[in-house]
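Now for the letters of each chain:
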Amino acid sequence: MKKYLSLVTFSHTIFAMPFAFIGFFLAITTTQYHFDWVKLVMMVLCMILARNSAMAFNRYLDRDIDSKNPRTKQRDIPSGRISANSALIFTVVNCLLFITVTWFINRLCFYLSPVALLVVLGYSATKRFTALCHLVLGLGLSLAPIGAYLVVTGQFALTPLFFSFAVLCWVSGFDIIYALQDEDFDRAENLHSIPAYLGKVNALRLSTFLHILSAAFVVMPVFFTHVSILYYAGIVFFSIMLIYQHRLVKPTDLSRVNFAFMTTNGIASVVFASLFLLDRVLITHGIL
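Conventions we followed
- Residues numbered from 1 in each chain as written.
- Predicted model: local features only at pLDDT ≥ 70, side-chain atom pairs only at ≥ 80, totals over all residues.
- Heavy atoms only, no water.
- Salt bridge = Lys/Arg side-chain N within 4 Å of Asp/Glu carboxyl O.
- Helix = DSSP H or I, 4+ residues; strand = E, 2+ residues; numbered from the N terminus.
- Buried < 20%, exposed > 50% of the residue type's maximum accessible area, 1.4 Å probe, protein only.
- Expected span 1.5 Å × (residues − 1).
- Core = buried A, V, L, I, M, F, W, Y, C linked by side-chain atoms within 4.5 Å.
- Phe/Tyr/Trp six-rings, centres within 6.5 Å; stacked < 30°, edge-to-face > 60°.

Undergrad: Can you lay out the pattern of salt bridges for me, pointing to particular residues and giving the numbers?
TA: With the rule as written, the count across this model stands at nine salt bridges. A salt bridge links Arg71 to Asp182; the shortest N-O distance between them is 2.5 Å. Separated by 111 residues along the polypeptide, Arg71 in the loop between helix H4 (63-68) and helix H5 (84-103) and Asp182 in the loop between helix H8 (158-179) and helix H9 (183-188) bring together distant segments of the chain. Taking relative accessible area as the criterion, Arg71 reaches 32% and is therefore assigned partly exposed.

The structure is reproduced here in structure tokens:
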């Protein structure tokens, strides 16, 4: 179990899962639908299964690349802790379980499940032909809030899309920062990434622009949904963490990239989602 948790880097679930809870409880508190423990559990299962599929397939597809890169050659498949076939079987099993769970949620989620898998699994191949791979990763994680909203309602709405766009820009931006570490390697191996295409300085500028857009998108729901001071505090905190992330990383100093990637983004998502959920609870009960 520890090997498979390592294979899918389970700790990185902290990025998208909080936004899935945002989508779920946004639906509960702004529509006629009521809280349902079964739907909540199935939503969490879908998040875990889809992410397991995506990460295991990424490690399977990139196994030869990872074995050449000094930064990644100790990953589970190149190091021999898990075989490539085991990773592929793990991917297939999680995909089938994901589709099965969506069958029990509602018809729309079931019909869209192959599309979701196509996006999250397809990301793994994009670095071979487009520098926009970071945006594809962002797109995959951006399915979390709208997907969770669909679990509850079975229909699309505007407000959860703002959170999805926020995740898309946020994840794309910090993935560009993370990819700065592999700029030289990507060029040498003819792999595509924003840092390899634009260089460190311009890549950081694009990342900054994407994070400005992300902050703008988390503001947009206030024009469509009643929120309290807690949500505004969440916006401020999320924005501060984005700014802090860019203060940590410089074109000439990448020593704190991992801290910026994991710690600041993890804290940003958890705190922002917590303030959103507290906002929903207090407003629903008439306290604010």
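Undergrad: Can you tell me about H8, naming the residues and giving the values?
TA: Spanning 22 residues, H8 covers 32 Å between terminal C-alpha atoms, matching the ideal 32 Å at 1.5 Å per step. Within H8, 19 of the 22 residues are buried, which leaves the element mostly enclosed by the surrounding structure.

Undergrad: Which residues make up the nonpolar core, and what are the values?
TA: Grouped together as the largest cluster of nonpolar side chains are 74 residues, with contacts concentrated most on Phe24, Met43, Trp170, Tyr231, Phe238, Val249 and Phe272. Per-element tally for this core: the top contributor is helix H3 (residues 37-61), with ten residues.

Undergrad: Mind laying out the packing of aromatic side chains, listing which residues take part and the relevant values?
TA: Here the structure, examined in full by the defined rule, presents 23 aromatic pairs. When the ring of Phe110 is compared with that of Tyr111, the centres are 6.0 Å apart and the planes differ by 50°; the resulting orientation is tilted. A residue is classified by how much of its surface remains accessible, and Phe110, at 24% relative accessible area, is partly exposed. Under the relative-accessibility criterion, Tyr111 is labelled exposed at 52%.

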